[in-house]
Structures are given as structure tokens and as C-alpha cells.
Amino acid sequence: GEPVSFRVLDDNGEREVDETIDLRINTVVGEMNKPFVLHANDSELVLFPNPVTKGEVFNLTMPSNVDLKGARVEVYNALGNLVRTETLNGDNTKMAGLLTAGVYTVKVTDRQGNVNFAKLVVR
């Protein structure tokens, strides 16, 4: 029942993670298709699952204080070509799968003009 906190270490240094969980013996947190997502800062875009197989639907998530309703999502291939664009309705953050294997950059611009990027690997 004790709280467990997390920290992340990446190229930007060491940062606190917003979420905590209560420690429970023999308990799994999250599920394969609905993982427990950790956010290292207020502007982190997370794609899951990642990597995905060709054609597999993937989800976008941002911290709860970011409203994705009306956000514009752009997907670019490794050559920098725009391959998909979509506007989110806020309730649905699922994106249809990409049919070509590769590494993609996903750009999300919210209604306030804030921009976040994430890499997506398609196998």
C-alpha cells in the first residue's frame, strides 16, 4: 500500500514523473491494450502501442490537463513527407494504422498552438 514514484532519465536529464501508484504484491498495473502511461512533463506526447505492426491502430495520449479536442495530427515519414493528417474530436484519440513499415514522426498541434512530437515505429 505504499506509494511508488518514478523518475525518468533521458537526453534532457533526470525528471520527475507526474503519476504514482500504490505498491501491491502480485498486482499488474495497466493492460496490454490500455497501458498505465507515465508522463515525465506537461508536454509529453505518448503513442501506444509503439512499435506497432502494419495496419494496427495506435493511440495518442497527453497529460490530462491537455485538451486534444480539435487538435491537428500530422504524420510524416522518414523522408519528411506528410503521409496523413487528421483532426481529433477529443473523445477519440485512436489513429488508423499505417500500412508501410518504417519510422514516422507524429506531430500534434492543439487549439492553443502548442506543438508536440513523438516517433512511431511501424513493423
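Residues numbered from 1 in each chain as written. Predicted model: local features only at pLDDT ≥ 70, side-chain atom pairs only at ≥ 80, totals over all residues. Heavy atoms only, no water.

**Quick notes on the sheet that holds strand 6 (residues 82-87)**
Remark on secondary structure: sheet strands pair via backbone hydrogen bonds, oriented parallel or antiparallel.
Thinking step 1. Sheet architecture is open: four strands sit in the order 6-5-8-9, paired in antiparallel fashion. The open sheet is flanked by strand 6 and strand 9 (115-122), the only strands paired with a single partner. Within this sheet the neighbouring strands show an average axis-to-axis angle of 20°, counted without direction. (Pairing = 2+ DSSP bridges. Helix = DSSP H or I, 4+ residues; strand = E, 2+ residues; numbered from the N terminus. Axes fitted to C-alpha atoms, helices over the stretch in contact; angles between N-to-C directions.)

**Digging into the pattern of salt bridges**
Thinking step 1. A complete count under the given rule lists two salt bridges for this structure.
Thinking step 2. The salt bridge partner of Glu-74 is Arg-72, with a shortest N-O separation of 2.7 Å.
Thinking step 3. Residue Arg-72 is classed as partly exposed on the basis of its relative accessible area of 38%.
Thinking step 4. Of the charged contacts in the structure, one is a salt bridge between Lys-107 and Glu-74, with a shortest N-O distance of 3.7 Å. Of the two residues, Lys-107 is situated in strand 8 (residues 102-109) and Glu-74 in strand 5 (residues 72-76); the sequence distance between them amounts to 33 residues. (Salt bridge = Lys/Arg side-chain N within 4 Å of Asp/Glu carboxyl O. Buried < 20%, exposed > 50% of the residue type's maximum accessible area, 1.4 Å probe, protein only.)

**Side note on the sheet that holds strand 3 (residues 46-48)**
Thinking step 1. The strand order across the open sheet formed by three strands is 3-4-7, and the pairing between neighbours is antiparallel. Looking at strand neighbours, the two that pair on one side only are strand 3 and strand 7 (94-95), the edges of this open sheet.
Thinking step 2. Pairing between strand 4 (residues 58-61) and strand 7: two bridges, direction antiparallel. What sits directly across from Asn-59, in strand 7, is Lys-94.

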